[in-house]
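Residues per chain are reported as follows:
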Amino acid sequence: MKYDPDKHHRRSIRLEGYDYTAAGTYFITICPYQRNCLFGEIINSEMWLNQLGQRVYACWQRLPFHFSNLNLDTFVVMPNHIRGILVLTHL
């Protein structure tokens, strides 16, 4: 489904004043521009990552090497977005 600004009205669900650098568990969703299917396709009910999808997966796995206070939980790459759970610990 293509993004339609007349139909899709997005608003931030962030808590006003909350410090998102604080230790905690965070659920994230990242979508490419206009939710284009850039990361692969679903074939026979199974996600097949293309080259870009494989790179996204590899980058996710390397995040803790760049941020010592970050642990990874569940993560999934879908054709037009990625979702995952990040756990920030105290420095």
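Being a predicted model, the structure only gives us computed values, none of them experimental. (Residues numbered from 1 in each chain as written. Predicted model: local features only at pLDDT ≥ 70, side-chain atom pairs only at ≥ 80, totals over all residues. Heavy atoms only, no water.)

Enquirer: Can you break down the sheet that holds strand β4 (residues 70–78) residue by residue, with the values?
Expert: Overall, antiparallel pairing links the three strands, which are arranged β1-β5-β4 in an open sheet. The open sheet has two free edges, formed respectively by β1 (24–30) and β4, since each of these has just one partner strand. Across the sheet, the axes of successive neighbouring strands diverge by a mean angle of 10°, strand direction being ignored. As judged from the seven bridges shared by β1 and strand β5 (residues 81–88), these two strands associate in the antiparallel manner. Looking at β5, one finds that Thr25 is bridged to Val87. Where helix α1 (residues 51–66) meets the sheet, it contacts β1, β4 and β5, and its direction lies at approximately 170° from that of β4. (Pairing = 2+ DSSP bridges. Helix = DSSP H or I, 4+ residues; strand = E, 2+ residues; numbered from the N terminus. Axes fitted to C-alpha atoms, helices over the stretch in contact; angles between N-to-C directions. Contact = heavy atoms within 4.5 Å.)

Enquirer: So what's going on with the pairing of β5? Which residues, and what values?
Expert: Note on strand geometry: in a regular strand, side chains alternate between the two faces of the sheet. Of the strand pairs in this sheet, β4 and β5 are connected by seven bridges, and their pairing is antiparallel. Opposite Leu70, over in β5, you have Leu88 as the bridge partner. Connecting β4 to the antiparallel partner β5 that follows it, the hairpin turn spans two residues.

Enquirer: Can you tell me about unusual backbone geometry, naming the residues and giving the values?
Expert: We note that Gln34 has phi near 55°; this positive angle belongs to a residue other than glycine. Along the chain, the position of Gln34 falls in the loop between β1 and β2 (40–43). Classification of Gln34 as partly exposed rests on a relative accessible area of 32%. Non-glycine residue Arg35 carries a positive phi angle of around 50°. Within the secondary structure layout, Arg35 lies in the loop between β1 and β2. Under the relative-accessibility criterion, Arg35 is labelled partly exposed at 33%. (Buried < 20%, exposed > 50% of the residue type's maximum accessible area, 1.4 Å probe, protein only.)

Enquirer: Pulling in residues and values, what's your account of the side chain of His81?
Expert: Note on placement: His81 falls in strand β5. By relative accessible area, which is 8% here, His81 ends up buried. Side-chain polar atoms of His81 contact the side chain of Asn80, separated by 2.7 Å. In contact with His81, other than residues within four places in its own chain, are Thr29, Ile30, Cys31, Pro32, Arg35, Phe39 and Val76. (Polar contact = N/O pair within 3.5 Å; in protein donor to acceptor, adjacent residues only side chain to side chain.)

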